[in-house]
Amino acid sequence: MIEFYADGFFKASKELTEVQDAVEEFFSVGVSEILSRGIPDGRGVKEMTYSVEGDKLNIKVRTDNYLRAHDVFLRLRKHLSKVLGRHRIGIRGIEFNEYWIKTESNVPISIKLPFIVKSEWKDGYFMVWLTLTEQDVEKKIPDRIVRLIDEKKKAEEYGGKAENWELIWQSGKKKIHFNKDPTQELLKMRWIKHGASRGQWIYGPQITKIFRAFETIVINEILEPLGYVEMVFPKLVPWDVWKRSGHAKGVYPEIYYVCTPKSRDPHFWEDVIDYYKVTLDVPVDLIKEKIEPPIGGMCYAQCPPFWVFLQGETIADSSLPIRVFDRSGTSHRYESGGIHGIERVDEFHRIEIVWIGYPEQVVEEANKLHERYHHIFEDILELEWRKAWVTPWFMAQEGLAGLSEDIRVGTTDYEAYLPYKNGWLEFQNVSVNGDKYPKGFSVKSQSGDMLWSGCSGVGLERWASAFLAQKGFNPENWPERFVEIVGNLPEGIKFL
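Residues numbered from 1 in each chain as written. Predicted model: local features only at pLDDT ≥ 70, side-chain atom pairs only at ≥ 80, totals over all residues. Heavy atoms only, no water.

Chemist: Got a sec to walk through the sheet that holds strand E6 (residues 125-130)? Specific residues and values, please.
Modeler: Sheet architecture is open: six strands sit in the order E2-E3-E1-E4-E6-E5, paired in antiparallel fashion. Whereas interior strands pair on both sides, the edge strands pair on one side only; in this sheet they are strand E2 (45-53) and strand E5 (116-122). Strand-to-strand twist across the sheet, computed as the mean angle between neighbouring axes with direction ignored, equals 10 degrees. One ladder, built from eight bridges, connects E2 with strand E3 (residues 56-63); its direction is antiparallel. Paired with Val-52 across the bridge in E3 is Leu-57. Against the sheet, helix H1 (residues 20-36) contacts E2 and E3, and its axis sits at roughly 160 degrees relative to E2. Contacts from helix H2 (residues 69-85) reach strand E1 (2-12), E2, E3 and strand E4 (91-104), with the element oriented near 30 degrees to E1. (Pairing = 2+ DSSP bridges. Helix = DSSP H or I, 4+ residues; strand = E, 2+ residues; numbered from the N terminus. Axes fitted to C-alpha atoms, helices over the stretch in contact; angles between N-to-C directions. Contact = heavy atoms within 4.5 Å.)

Chemist: If you had to explain the sheet that holds strand E12 (residues 257-258) to someone new, which residues and values would you point to?
Modeler: Reading across from one edge, E11-E13-E12 is the order of the three strands in this open sheet, with antiparallel pairing throughout. Looking at strand neighbours, the two that pair on one side only are strand E11 (236-238) and E12, the edges of this open sheet. Note: E12 against strand E13 (residues 296-298), two bridges, orientation antiparallel. Residue pairing across strands places Val-258 opposite Gly-296, the latter belonging to E13.

Chemist: Could you give an account of the pattern of salt bridges, with specific residues and numbers?
Modeler: Applying the stated criterion across every chain yields a total of 27 salt bridges. Close ionic contact of Glu-230 with Arg-327 constitutes a salt bridge, the shortest N to O distance being 3.1 Å. With a gap of 97 residues between them, Glu-230 in strand E10 (residues 229-230) and Arg-327 in the loop between strand E15 (322-326) and strand E16 (330-332) connect regions that are remote in the sequence. Among the residues examined, Arg-327 registers a relative accessible area of 32% and is labelled partly exposed. Across the salt bridge formed by Lys-494 and Glu-491, the nearest N and O atoms sit 2.9 Å from each other. On the basis of relative accessibility, which here comes to 68%, the residue Lys-494 falls in the exposed class. (Salt bridge = Lys/Arg side-chain N within 4 Å of Asp/Glu carboxyl O. Buried < 20%, exposed > 50% of the residue type's maximum accessible area, 1.4 Å probe, protein only.)

Chemist: Account for H1, naming residues and giving values.
Modeler: Counted at 1.5 Å a residue, the expected span for H1 with its 17 residues is 24 Å, and the 23 Å between its end C-alpha atoms agrees. Burial in H1 covers these residues: Ala-22, Val-23, Phe-26, Phe-27, Val-31, Ile-34 and Leu-35. Those residues of H1 hidden inside the fold are in contact with E2, E3 and H2. Downstream of H1 by a residue or two, Gly-38 has a phi angle that is positive, lying close to 80 degrees. (Expected span 1.5 Å × (residues − 1).)

Chemist: Kindly report on the side chain of Lys-436, identifying the contributing residues and their values.
Modeler: Mapped onto the fold, Lys-436 is located in helix H12 (residues 436-440). Separated by 2.8 Å, the side chain of Lys-436 and the backbone oxygen of Ser-245 make a polar contact. (Polar contact = N/O pair within 3.5 Å; in protein donor to acceptor, adjacent residues only side chain to side chain.)

Chemist: Would you mind going over the packing of aromatic side chains in detail, with residue names and values included?
Modeler: Applying the stated criterion across every chain yields a total of 34 aromatic pairs. Ring centres 6.0 Å apart and planes at 40 degrees place the aromatic pair Trp-239 and Tyr-252 in the tilted group. In this pair, Trp-239 is assigned in helix H7 (residues 239-245) and Tyr-252 in the loop between H7 and E12, connecting sequence segments 13 residues apart. Overall, the relative accessible area of 39% leaves Tyr-252 in the partly exposed class. (Phe/Tyr/Trp six-rings, centres within 6.5 Å; stacked < 30°, edge-to-face > 60°.)

Chemist: Outline the pairing of E1, listing residues and values.
Modeler: In terms of burial, E1 is largely enclosed, as 10 of its 11 residues are buried. One ladder, built from 11 bridges, connects E1 with E4; its direction is antiparallel. Considered in E4, the bridge of Gly-8 is made with Phe-96. Inspection of the sheet shows E1 paired to E3 by eight bridges, in the antiparallel sense. In the sheet register, Phe-9 faces E3, and the bridge partner there is Asn-58.

Here it is as structure tokens:
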């Protein structure tokens with residue numbers, strides 16, 4: 001059950017008392033048909049009163065979800081304009097004195113927005129009072145708040161669980177040659193060192209060659225056999241891309257923001273430059289005053305900026321399915337207190353695999369990827385691993401719980417056993433994203449039928465963490481096929 005209540009008025013260009021008879025006739029004859037159009041019997045408006053006061057037409061209305069209270073005002077506006085127009089009176093605008101939404105909820109809901117005056121959870125109901133303008137209603141702000149309440153309610157009722165998780169398949173036990181944290185061993189061996197920034201590593205020659213071996217495996221076993229071609233995706237992502245991809249709904253706590261200078265003129269920056277020359281400290285507070293608000297952020301999820309290449313285009317059937325990949329740069333996420341070793345970092349390296357086509361083509365491509373990953377993890381890396389069906393990654397990144405309504409749409413996570421933790425690490429995924437991206441970026445097909453897409457990210461740090469945690473650092477314990485691919489490791493840099 002959900003209820004809407006609005007107490008507002010139409011502001012007229014002249015006094016309405018002179019045309020009160022016309023207003024009364026409008027409400028007694030025409031309003032019922034206007035407000036019931038397309039609404040099931042017994043639904044929509046529950047109560048409504050009106051009154052004329054000077055140049056105001058006051059309306060108080062309570063409705064259900066079939067015709068929301070603010071939509072009553074929008075429906076009436078067009079027809080009322082015609083009625084008053086016959087008397088040379090125009091409608092200057094709509095204003096609201098009070099507006100609230102009431103919905104059933106077994107859990108409290110936390111929501112803070114400029115539009116919200118107050119909220120209350122009591123006796124199994126959640127109520128929220130809004131301050132609205134006519135422009136807010138036209139922009140469907142109340143409707144989006146309803147969706148937001150519903151999302152938060154589902155998330156709370158889901159128990160705060162970030163993801164659905166359902167085991168699909170698990171490998172047999174594999175011989176374990178190591179039981180320590182591989183990152184600590186990498187540090188001891190001086191194969192890696194902390195970078196200057198948080199959650200960032202500098203990778204030495206030995207581990208870099210292992211990374212390149214993983215890339216070789218992906219290229220030889222997946223990308224070339226399946227017909228993927230390489231592209232270069234942008235790594236700076238403006239807000240408009242994240243609006244279309246859906247990330248703008250929840251990405252804020254985890255992105256690295258990008259700002260531009262207010263001016264390129266060196267004189268504009270002279271005080272900053274002089275301050276550093278004298279103090280040898282960078283005046284961060286002063287710099288804040290000289291930069292624009294964020295234009296977006298560094299690459300967070302690798303595939304969204306690619307979609308600008310297809311935005312607004314119609315794809316020829318001869319190009320479907322599209323198969324592309326990118327490995328041109330780093331991705332960045334502010335992991336807060338969750339950073340650990342090389343497997344959970346702020347700056348990471350991966351190969352992003354993307355495919356687009358009709359739904360059956362996209363599902364088929366995902367199945368082919370599953371087959372290739374199975375071959376790699378079983379026959380080449382010989383890992384102990386498992387697969388699970390989880391909340392689609394794009395839903396998780398938008399703060400949504402549960403699963404997609406279409407059972408073909410979703411994410412399969414691959415997890416590797418970590419002996420030193422007696423736990424599991426998600427180190428690979430395959431996602432069928434449905435029509436989310438083609439729809440968000442207005443990409444059409446030659447036939448006019450719906451397009452879908454999928455993506456799969458190969459994280460080099462995650463692969464290395466999984467492999468080294470089980471196989472250790474002695475190549476004699478590594479699978480023979482992997483040794484052939486990686487070859488001899490370089491000696492590396494010696495320190496005195």
